[in-house]
Amino acid sequence: MKILSKNGNELLLLAMKEDSAAKGEYLLIEDKSRSMIVQVYDEEYLSSQALIEDIVKEEVVNASSVENLHDPLNIGSLLRLVRDARIFRAKIRASVNDGKLSSDVTWLPSRVESRIRRLSMKELNSYLGRRGVFPIPLGRTGDSEEFEIFAEDIDGKLTIITGKKESGKSHLSKMLVKTLVQHGAFVVVFDLNNEYSGLGWNRDGTPSCIHRQVKVLEPGNALRFSLNYCGKGAVSGMLKNALDMPAASLREFFRIWDWLENKQSLSMEAIGNAVNTWNINELVRDALVSRYHVIQSSRLFADSGLRFEDVISAGSGGAALVINMGEVSPTVRRMVVELVLTKLVDLLERQVIPPIFLFAEEAHLYIRDTYWEDIITRMRHFGIFTTFITNQPDAISDGIYRQVDNIFLFNFTNDGDLDKIAKVSLADNDTIRSIVRTLPQRHCLAIGKAVCDLPVVIRVAAAEVLTLGETKKFFKK
Ligand SMILES: Nc1ncnc2c1ncn2[C@@H]1O[C@H](COP(=O)(O)OP(=O)(O)OP(=O)(O)O)[C@@H](O)[C@H]1O
Ligand SMILES: [Mg+2]
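The structure presented is a predicted model; accordingly, all values stated were derived computationally and were not measured.

**Things to note about the domain arrangement of the chain**
And step 1. Taken domain by domain, the chain comprises domain 1 (2-128), domain 2 (135-223 + 306-460) and domain 3 (227-298).
And step 2. One C-alpha centre belongs to domain 1, the other to domain 2, and the line joining them spans 38 Å.
And step 3. Residue-level contacts link 14 residues of domain 1 with 17 residues of domain 2.
And step 4. In the side of domain 1 that touches domain 2, the residues fall into four nonpolar, three polar and seven charged.

So this is what it looks like as structure tokens:
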């Protein structure tokens, strides 16, 4: 390979037939004591007008004559080599001066003397000083090297996994959840397809290595709370935000709650009785009664229920709380999310539980708009570190993208989605457009802190646990 030209922050490299580089691969251009790290993001033919005319001429000649052309100097084969020459477009990412990585890329490597070779992930990592204590193996890079990120890279960070339908997003997120739990972390998953429960099982049906740490919580069954445990704050948040309770009714509700709490007889039944007999305006009563019935039919409250601090306690070796929301109504989903998040923040605030990781699938379906900002700014300070998984990148607002630390991008072919993601993400437009458009299934482009801001294409490994989550089909193969 040779350098052909430079254009802004990209280099055009001339590649002959035997040179190869996959999109996303890193190359090192060595020029005496300095080197430049570039990343290939596109490949095209070397096209000049003369070359094209040549190709056309030869086709015409071939088509109209049957004799072999007289070519004693074998110029034809040379010409064919020229016609097969390709151009790699590569982005300049960094340079290496005396073995040290630097962002000074203001110099130009020599076109004549510099040598271009492939840069292995191992070398790149050693330049970057990328290391950590808790590895999360994800799969392999383009040239089949093992690739891992570190749990530290998603600790305290906001991560987004996005890509089109069935591209492997949930699969990657399950790998993250599993490894985090293995490293002793606590993970709460809002699961819309009831698929994360498979983390407890291997594909052959035996219990997986985190079997005892996966707690599947169905709203109304294992996921029930006592009113006392939730507290007035969480319940009123739920009434206001998930059930749209008007302010006047909310005030009456508080009065009932305080009265019952004073009597130490707070229970669903007592609230029901009070709502019916309380001396209030009939409209307010109607509002309260209708909410009461929704809450009662959700079966989210019981005399005794789940206590997060029993499951999440430092030193107990990690756990995944999978909240199965696939089979509950949208209203109950919103109620669950409201209760769980408010309670977790409350516990974190009082430092009863250690920080937790939150994985939210298609969160725009159950997280209210005003909660987004809360989750990513306020909650991060309390210790809730979120990973959003979605196939609709435009469901996430620009404000959130601006604070994102890591993005795992799967394939997108739709121009609208590509536009959105190219505009907001942490890497440059050209790289994203060109690489993401042609990413095969189960490959993703990792961008952000986890890869030290150098985008990497990863072939995500298969999982040994049961992944579930396949789309149900009528016609089976
Ligand atoms: N790296 C992989 N190796 C093996 N199988 C995979 C891999 N990635 C995904 N799959 C399988 O492909 C299918 C689709 O993957 P997955 O459910 O993760 O996609 P998704 O992007 O979450 O889709 P959806 O948008 O429907 O939620 C699943 O059956 C999953 O097990
Ligand atoms: Mg999915």
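**Some details on the site of ligand 1**
And step 1. With respect to spatial proximity, 16 residues lie near ligand 1, and among them G168, K169, S170, H171 and A462 are the closest.
And step 2. For the shell around ligand 1, the leading source of residues is helix 5 (residues 169-182), giving three residues.

**Considering unusual backbone geometry**
And step 1. The phi dihedral of R299 is positive, around 55°, even though this residue is not glycine.
And step 2. Assignment of secondary structure puts R299 in the loop between helix 9 (282-298) and helix 10 (308-311).
And step 3. In the Ramachandran plot, C452 falls in the positive-phi region, its phi being about 50° despite a non-glycine side chain.
And step 4. Tracing the backbone through its elements, the reader meets C452 in the loop between strand 17 (443-448) and strand 18 (456-460).

**Here we look at the confidence of the model for the chain**
And step 1. With 99% of its residues at a pLDDT of at least 70, the chain reaches an overall mean of 89.
And step 2. Here helix 12 (residues 369-382) stands out as the element of the chain with the lowest mean pLDDT, 78, in contrast to strand 11 (residues 186-191), whose mean of 95 is the highest.

**Let's talk about helix 15 (residues 429-437)**
And step 1. Within helix 15, burial applies to T431, I432, I435 and V436. Down the axis, helix 15 shows its buried residues gathered within 95° of arc, on one side only.
And step 2. Looking at the packing, one finds that the buried side of helix 15 touches strand 4 (34-45), strand 5 (86-97), strand 16 (406-409), helix 14 (415-424), strand 17 and strand 18.

**Re helix 7 (residues 247-262)**
An α-helix turns once per 3.6 residues; consequently, residues spaced three or four apart project the same way.
And step 1. Between its first and last C-alpha, helix 7 extends 23 Å over 16 residues, near the 22 Å set by a 1.5 Å rise per residue.
And step 2. Turning to helix 7, its buried residues number three or more, namely S249, E252 and F253. Down the axis of helix 7, the sector holding all buried residues measures 105°, keeping them to one side. Turned more than 90 degrees from where helix 7 packs its buried face, A247, R251, D258 and N262 sit exposed.
And step 3. Note on helix 7: the residue one or two positions beyond its end, Q264, has a positive phi of about 55°.

**Side note on the environment of E309**
And step 1. Mapping E309 onto the fold places it in helix 10.
And step 2. Take E309: there are 13 C-beta atoms within 10 Å of it, and that puts it in the partly exposed class.
And step 3. Excluding anything up to four places from it in sequence, E309 contacts L347, V352 and I353.

**Let's talk about the environment of K232**
And step 1. Among the secondary structure elements, K232 is positioned in helix 6 (residues 227-242).
And step 2. Exposure remark for K232: the 15 C-beta atoms within 10 Å place this residue in the partly exposed category.
And step 3. Separated by 38 residues in the primary sequence, K232 and A270 have C-alpha atoms spaced 15 Å apart.
And step 4. The residues contacting K232, other than those within four sequence positions of it, are F254 and W257.

**Here's the deal with the pairing of strand 16**
And step 1. By the alternation rule, side chains of strand 16 split into N406 and F408 and I407 and L409, which are all buried.
And step 2. As paired strands, strand 10 (residues 159-162) and strand 16 are joined by four bridges and run parallel to one another. Directly across from T159, in strand 16, lies its bridge partner N406.
And step 3. Relative to strand 17, strand 16 runs antiparallel, the two sharing four bridges. In the sheet register, I407 faces strand 17, and the bridge partner there is I447.

Rules used in this analysis
- Residues numbered from 1 in each chain as written.
- Chains lettered and ligands numbered in written order.
- Predicted model: local features only at pLDDT ≥ 70, side-chain atom pairs only at ≥ 80, totals over all residues.
- Domains from an automatic or database assignment.
- Contact = placed C-beta atoms within 7 Å.
- Nonpolar A, V, L, I, M, F, W, Y, C, P; charged D, E, K, R; others polar.
- Near = placed C-beta within 6 Å.
- Helix = DSSP H or I, 4+ residues; strand = E, 2+ residues; numbered from the N terminus.
- pLDDT = per-residue confidence, 0-100.
- Buried ≥ 20, exposed ≤ 12 C-beta atoms within 10 Å, placed from the backbone.
- Arc of directions from axis to C-beta.
- Expected span 1.5 Å × (residues − 1).
- Pairing = 2+ DSSP bridges.

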